[in-house]
Amino acid sequence: ALSFSVKFFESKVPKIGETGELETKLINDVNTELRNYIEAMDAIRIKYSILIVMKMASLGNAYLQDSQPWVSIKEKPAYCGSSVNLALSLAHLIANLMEPFMPGFSDKVHHQLNLDHLERIEENWVGYTMKEGHVLNENLPLFVAVSNEQLDGFRSKFGSSDPVEEKKKDKKKDKKKGGKKKG
């Protein structure tokens, strides 16, 4: 949504125009997951909390595929603006929810959205939290590719061996024992 805004809306958050069932469904689904996230965080269920945020991201991706802003920009520009605004608003929410787990990622998204971190996550997400005309920063990659050399460095630094080589060693041990490894 950010790169789309940069390309088609002059690096600004588009106006909210037409909305429909897809938008209502997304907001409702995200609110269901947001309640789950808050409960999981209250219970200190960290892995589950992260999975919930990833599910919200999947909901956002599915929404963009269904709303097709690349089509509606030509046919229904008012609807396109609404869908991009909603997707940017969800990106902001996700960046805030991921802050405890991936602060660097959260900082990058906030910088690109040109927004501050939220001080508090509300229990009910209204959906359209981005203001029309808000200027966005440059769209940059959030993650970088890790080379094989870097992987080797991480393995030696953190004590992990090459998983492919470990499987080969396990198979050789199993053959020597005369049986197959169970599991």
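Residues numbered from 1 in each chain as written. Predicted model: local features only at pLDDT ≥ 70, side-chain atom pairs only at ≥ 80, totals over all residues. Heavy atoms only, no water.

1. Quick word on a nonpolar patch on the surface
Then comes step 1: On the surface, Val 146, Leu 151, Phe 154 and Phe 158 cluster together to form a nonpolar patch covering roughly 390 Å² of accessible area.
Then comes step 2: Mapped onto the elements, Leu 151 comes out in helix H7 (residues 148-158). (Patch = residues over 30% accessible without salt bridge, like charges linked within 9 Å, V, L, I, M, F, W, Y side chains within 5 Å. Areas by Shrake-Rupley, 256 points an atom, 1.4 Å probe, with all protein chains shown as cover. Salt bridge = Lys/Arg side-chain N within 4 Å of Asp/Glu carboxyl O. Helix = DSSP H or I, 4+ residues; strand = E, 2+ residues; numbered from the N terminus.)

2. Section: the side chain of Ser 5
Then comes step 1: With respect to the helices and strands, Ser 5 occurs in helix H1 (residues 2-8).
Then comes step 2: Overall, the relative accessible area of 0% leaves Ser 5 in the buried class. (Buried < 20%, exposed > 50% of the residue type's maximum accessible area, 1.4 Å probe, protein only.)

3. Topic: helix H2 (residues 21-42)
Then comes step 1: Relative to the 32 Å expected for 22 residues at 1.5 Å per residue, H2 spans 32 Å between its end C-alpha atoms, a close match to the ideal helical length.
Then comes step 2: Within H2, the full set of buried residues consists of Glu 23, Leu 26, Ile 27, Val 30, Asn 31, Glu 33, Leu 34, Tyr 37 and Ala 40.
Then comes step 3: Where H2 is buried, its residues meet helix H3 (46-67) and helix H5 (77-98). (Expected span 1.5 Å × (residues − 1). Contact = heavy atoms within 4.5 Å.)

4. Here's the deal with the nonpolar core
Then comes step 1: Core analysis: the biggest nonpolar cluster contains 33 residues, and Val 30, Met 56, Leu 88 and Trp 125 have the highest contact counts within it.
Then comes step 2: The dominant element in this core, judged by the number of residues it contributes, is H5, at eleven residues.
Then comes step 3: Among residues more than four places away in sequence, those in contact with Trp 125 are Ile 27, Val 30, Asn 31, Leu 34, Leu 86, Ser 89, Leu 90 and Leu 93. (Core = buried A, V, L, I, M, F, W, Y, C linked by side-chain atoms within 4.5 Å.)

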